[in-house]
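Analysis of the macromolecular model
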Amino acid sequence: MSNAARSQPFPCSSEYSRPSICATAPFALAWRNALTAMLALLLAGCAARYPLAIPEAQWEAMTPAEQQQARAQQAALDRARAEQRAAEARAREEEARRDRLALEVRRQEARLGERVQCVLEGELRTGSNWRPLAPVGIDAVSGMTAPVPLTTRDGRYRQTAHATFDDQTVTLCRHERELERPGADCAQLVGTQRDFARGLSGRVKTEGFLRGPLRCDLPLRAR
């Protein structure tokens with residue numbers, strides 16, 4: 001064997017060649033070069049940013065006083081945006097508080113058969129995995145959407161689902177907008193008023209949301 005062959009243990013064009021290694025090497029190199037180029041562009045974009053999105057050439061032509069004024073204007077804009085975000089957050093919190101109050105009032109005023117209480121167990125889909133779900137109670141009433149906090153048993157995954165009850169069907173969806181969409185990936189338990197009055201149990205299963213036993217009953221006070 002020649003010295004050149006010895007310096008390359010598995011040359012791409014010899015009886016010792018390994019096609020998988022040789023075929024993937026150019027791809028790996030191209031991918032590394034692409035990542036390097038994207039990182040360079042990102043760093044360049046960050047470095048080129050000036051207050052008020054002023055172009056670099058214009059910024060460099062400005063006097064120190066003008067640059068200071070631009071910084072002050074940018075700071076004022078940042079404060080205004082932060083205040084707006086805070087106000088929007090307070091408005092969302094207030095809306096959520098009103099929704100919780102309205103839901104509780106509706107629960108208390110529900111007539112026989114309009115309110116149902118359930119216990120959900122089973123598994124929650126997170127990414128490509130099914131994870132054990134901590135048991136959770138559902139208190140749904142007709143005409144309203146009830147939030148349902150879901151948590152895996154290990155506490156690593158949390159999300160708020162949404163439940164409705166239309167006197168015969170308990171529906172639980174990952175997203176509130178899915179409640180109105182036919183064919184959405186939601187869990188449902190269907191029964192008659194007599195079924196719910198006696199206590200109705202079933203196993204719900206969705207393709208990418210949750211699966212497991214769900215048992216529902218009418219509240220004792222409403223019987």
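A few words on the side chain of Ser 142. One can find Ser 142 in the loop between strand E2 (129-141) and strand E3 (146-151). Looking at Ser 142, its side chain comes within polar contact range of the side chain of Arg 106, at 3.2 Å. Ignoring sequence-local partners within four residues, the contact set of Ser 142 consists of Arg 106, Glu 114, Phe 165 and Asp 167.

Note: strand E7 (residues 200-205) against strand E8 (residues 210-217), 6 bridges, orientation antiparallel. Of the residues in E8, the one forming a bridge with Ser 201 is Arg 215. Taking the residues between adjacent antiparallel strands as the criterion, E7 and E8 are bridged by 4 residues.

Now for the sheet that holds strand E4 (residues 158-165). In space, the 4 strands of this open sheet follow the order E3-E4-E5-E6, with antiparallel pairing throughout. Single-partner strands in this sheet number two, and they are E3 and strand E6 (187-190). Going from strand to strand, the sheet's axes swing by 25° on average, the running direction of each strand aside. Bridging between strand E5 (residues 169-173) and E6 involves 4 bridges; their strand directions are antiparallel. Residue pairing across strands places Leu 172 opposite Ala 187, the latter belonging to E6.

With that out of the way, let us pick up the state of the cysteines. Taken as a whole and judged by the stated rule, the model has 2 disulfides. In this model Cys 118 forms its disulfide with Cys 216; the gap between the sulfur atoms is 2.1 Å. Here the S-S torsion is close to 110°, and the disulfide linking Cys 118 with Cys 216 is therefore right-handed. One end of the pair, Cys 118, is in strand E1 (residues 115-126); the other, Cys 216, is in strand E8, with 98 residues separating them in the sequence. Among the residues examined, Cys 118 registers a relative accessible area of 5% and is labelled buried. For Cys 216, a relative accessible area of 3% gives the class buried. Here Cys 173 pairs with Cys 186 through a disulfide, and the sulfurs are 1.9 Å apart. Judged by the sign of its S-S torsion, about 115°, the cystine formed by Cys 173 and Cys 186 is right-handed. Separated by 13 residues along the polypeptide, Cys 173 in strand E5 and Cys 186 in the loop between E5 and E6 bring together distant segments of the chain. Neither Cys 173 nor Cys 186 differs from the other in exposure class; each is buried.

The next thing to look at is the packing of aromatic side chains. Enumeration according to the criterion identifies 2 aromatic pairs in this entry. When the ring of Tyr 50 is compared with that of Trp 59, the centres are 5.2 Å apart and the planes differ by 20°; the resulting orientation is stacked. On the basis of an interplanar angle of 75° and a centroid distance of 5.3 Å, the ring pair of Phe 165 and Phe 196 is categorised as edge-to-face. Note that Phe 165 is positioned in strand E4 and Phe 196 in helix H5 (residues 193-198), a separation of 31 residues in sequence. The exposure class of Phe 165 is buried, given its relative accessible area of 3%.

On to the layout of surface pockets, then. What the largest pocket holds in volume is close to 260 Å³. For the largest pocket, the full set of lining residues is Ala 96, Asp 99, Arg 100, Leu 103, Met 144, Thr 145, Pro 147, His 162 and Glu 176. Looking at the lining of the largest pocket, the element that brings in the most residues is helix H4 (residues 64-109), giving 4 residues. By residue class, the composition of the lining of the largest pocket is 4 nonpolar, 2 polar and 3 charged.

What counts, and at which threshold
Residues numbered from 1 in each chain as written. Predicted model: local features only at pLDDT ≥ 70, side-chain atom pairs only at ≥ 80, totals over all residues. Heavy atoms only, no water. Helix = DSSP H or I, 4+ residues; strand = E, 2+ residues; numbered from the N terminus. Polar contact = N/O pair within 3.5 Å; in protein donor to acceptor, adjacent residues only side chain to side chain. Contact = heavy atoms within 4.5 Å. Pairing = 2+ DSSP bridges. Axes fitted to C-alpha atoms, helices over the stretch in contact; angles between N-to-C directions. Disulfide = S-S within 2.5 Å. Buried < 20%, exposed > 50% of the residue type's maximum accessible area, 1.4 Å probe, protein only. Phe/Tyr/Trp six-rings, centres within 6.5 Å; stacked < 30°, edge-to-face > 60°. 1 Å grid on protein atoms, 1.4 Å probe; cavity = no way out; pocket = protein on both sides within 12 Å on 5 of 7 lines; lining within 4 Å. Points joined across faces, edges and corners; volume = space filled by probe spheres on them. Nonpolar A, V, L, I, M, F, W, Y, C, P; charged D, E, K, R; others polar.

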